Amino acid sequence: MPRPSWDQYFMDITRLVATRSTCVRRQVGAILVKDRNILATGYNGVPSGIGHCDATGCLRERLRIPSGERHELCRGLHAEQNAIVLAARHGINIDGATLYATTMPCIICTKMIINAGIRAIVYGEGYADELAREMITESGISAVHFVGNSGGAGP
């Protein structure tokens, strides 16, 4: 079996991290990497000590809120937010890091990514948030759509 590229390796780990999610709509994973070392991981879910959505039910489902809208009406945090918060909680410097995520970040996560000093994003699936894409481009952050298990990244 050929050795995976670094992007493949980190994306595989990101997909594993996503399996910890208790979101009933979408399982998302994120990791922060610097100098080929994993600094922090995150998956989408509620804050520590709060009942998980798979047990309490999904507020967004009950209110029929489409994906990508009204982020404030959710009990959970996004995977990217949890990775950034975990790094801060443990005093880990993420300035200059690369974010690997199973899904392209939303606008709220994008603003946090920009201000955290993250310099690159490698993501799996797209996300319907044009403002996030515009702000990532304007900020100069490299955003690469990772293409499958091919061992490389695509445009």
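Just so it is clear, the structure is predicted and the values come from calculations on it, not from any experiment.

A.B. asks: Quick question: what am I supposed to make of the overall build of the protein chain here?
C.D. replies: The secondary structure content of the protein chain amounts to six helices and six strands. For 155 residues, the compact-globule estimate of 2.2 N^0.38 gives 15 Å, and the protein chain sits close to it at 15 Å. Expressed along its principal axes, the backbone C-alpha trace of the protein chain runs to roughly 45 × 35 × 35 Å. Taking as baseline every contact in the protein chain between residues at least 6 positions apart, the subset at least 24 positions apart corresponds to 53%. A total accessible area of about 8600 Å² is found for the protein chain, and carbon and sulfur atoms account for 53% of it.

A.B. asks: Just to check I follow, could you spell out helix 1 (residues 6-18) for this structure?
C.D. replies: Each α-helix turn comprises 3.6 residues. Residues three or four places apart therefore point the same way. Under the 1.5 Å per step criterion, the end-to-end length of helix 1 is 18 Å for 13 residues, consistent within 8% with the ideal 18 Å. Taken together, the buried positions of helix 1 are occupied by Q8, F10, M11, T14, V17 and A18. Tucked inside the fold, the buried residues of helix 1 contact strand 1 (29-34), strand 2 (37-43), strand 3 (98-103), strand 4 (120-125) and strand 5 (142-147).

A.B. asks: What is the right way to read the packing of helix 4 (residues 79-89) against helix 5 (residues 107-116) from this model?
C.D. replies: Helix-helix packing: each pair is described by the crossing angle between the helix axes and the interaxial distance. For the pair helix 4 and helix 5, interaxial distance at closest approach is 9 Å and the crossing angle is 30 degrees. The angle between helix 4 and helix 5 falls in the class roughly parallel. Here the hand of the crossing between helix 4 and helix 5 comes out left-handed. Taking contact as the criterion, the partners of E80, Q81 and I84 in helix 4 are, on helix 5, I108, C109, M112 and I113. Of the residues contributing to the contact of helix 4 with helix 5, the split by class is five nonpolar, one polar and one charged.

A.B. asks: Just checking my understanding: could you explain the side chain of T14 for this structure?
C.D. replies: As for its position among the elements, T14 is in helix 1. Ignoring sequence-local partners within four residues, the contact set of T14 consists of G29, A30, I31, Y100, A101 and T102.

A.B. asks: For this particular structure, what's the right way to read the packing of helix 5 against helix 6 (residues 130-139)?
C.D. replies: Contact geometry for helix 5 and helix 6: axes closest at 8 Å, N-to-C directions at 15 degrees. The pairing of helix 5 with helix 6 is recorded here as roughly parallel in orientation. Our pair here, helix 5 against helix 6, has a crossing hand that is left-handed. Of helix 6, the residues touching helix 5 (which contributes I107, T110, K111 and I114) are L131, A132, M135, I136 and S139.

A.B. asks: How do you make sense of the packing of aromatic side chains when you look at a structure like this?
C.D. replies: How two aromatic rings sit relative to each other is set out by the distance from centre to centre and by the angle between their planes. Inspection of every chain in the model, using the stated rule, returns four aromatic pairs. An angle of 85 degrees between the planes, with centres 5.7 Å apart, marks the rings of W6 and Y9 as edge-to-face. On the criterion of helical spacing, the pair formed by W6 and Y9 is a turn pair, its members being three residues apart in helix 1. A relative accessible area of 39% means that Y9 is categorised as partly exposed. Of the aromatic side chains, those joined through ring pairs into one cluster are W6, Y9, F10 and Y100.

A.B. asks: How do you make sense of the pattern of salt bridges when you look at a structure like this?
C.D. replies: Pairs may arise between side chains of opposite charge once their charged atoms sit close together. Overall, the coordinates contain six salt bridges when judged by the stated rule. The residue D12 makes a salt bridge to R15 at a minimum N-O spacing of 2.5 Å. Placement of the pair is D12 and R15 together in helix 1, with a separation of three residues, close to one helical turn. With relative accessibility at 34%, the residue D12 sits in the partly exposed group. You can call R15 partly exposed: its relative accessible area is 34%. Close ionic contact of R70 with E72 constitutes a salt bridge, the shortest N to O distance being 2.6 Å. The exposure class assigned to E72 is exposed, which follows from its relative accessible area of 54%.

What counts and what doesn't
Residues numbered from 1 in each chain as written. Predicted model: local features only at pLDDT ≥ 70, side-chain atom pairs only at ≥ 80, totals over all residues. Heavy atoms only, no water. Helix = DSSP H or I, 4+ residues; strand = E, 2+ residues; numbered from the N terminus. Rg over C-alpha atoms; globule rule 2.2 N^0.38 Å. Contact = heavy atoms within 4.5 Å. Areas by Shrake-Rupley, 256 points an atom, 1.4 Å probe, with all protein chains shown as cover. Expected span 1.5 Å × (residues − 1). Buried < 20%, exposed > 50% of the residue type's maximum accessible area, 1.4 Å probe, protein only. Axes fitted to C-alpha atoms, helices over the stretch in contact; angles between N-to-C directions. Parallel < 35°, antiparallel > 145°, perpendicular 65-115°, else oblique. Left-handed = near helix turned anticlockwise from the far one by under 90°. Nonpolar A, V, L, I, M, F, W, Y, C, P; charged D, E, K, R; others polar. Phe/Tyr/Trp six-rings, centres within 6.5 Å; stacked < 30°, edge-to-face > 60°. Salt bridge = Lys/Arg side-chain N within 4 Å of Asp/Glu carboxyl O.

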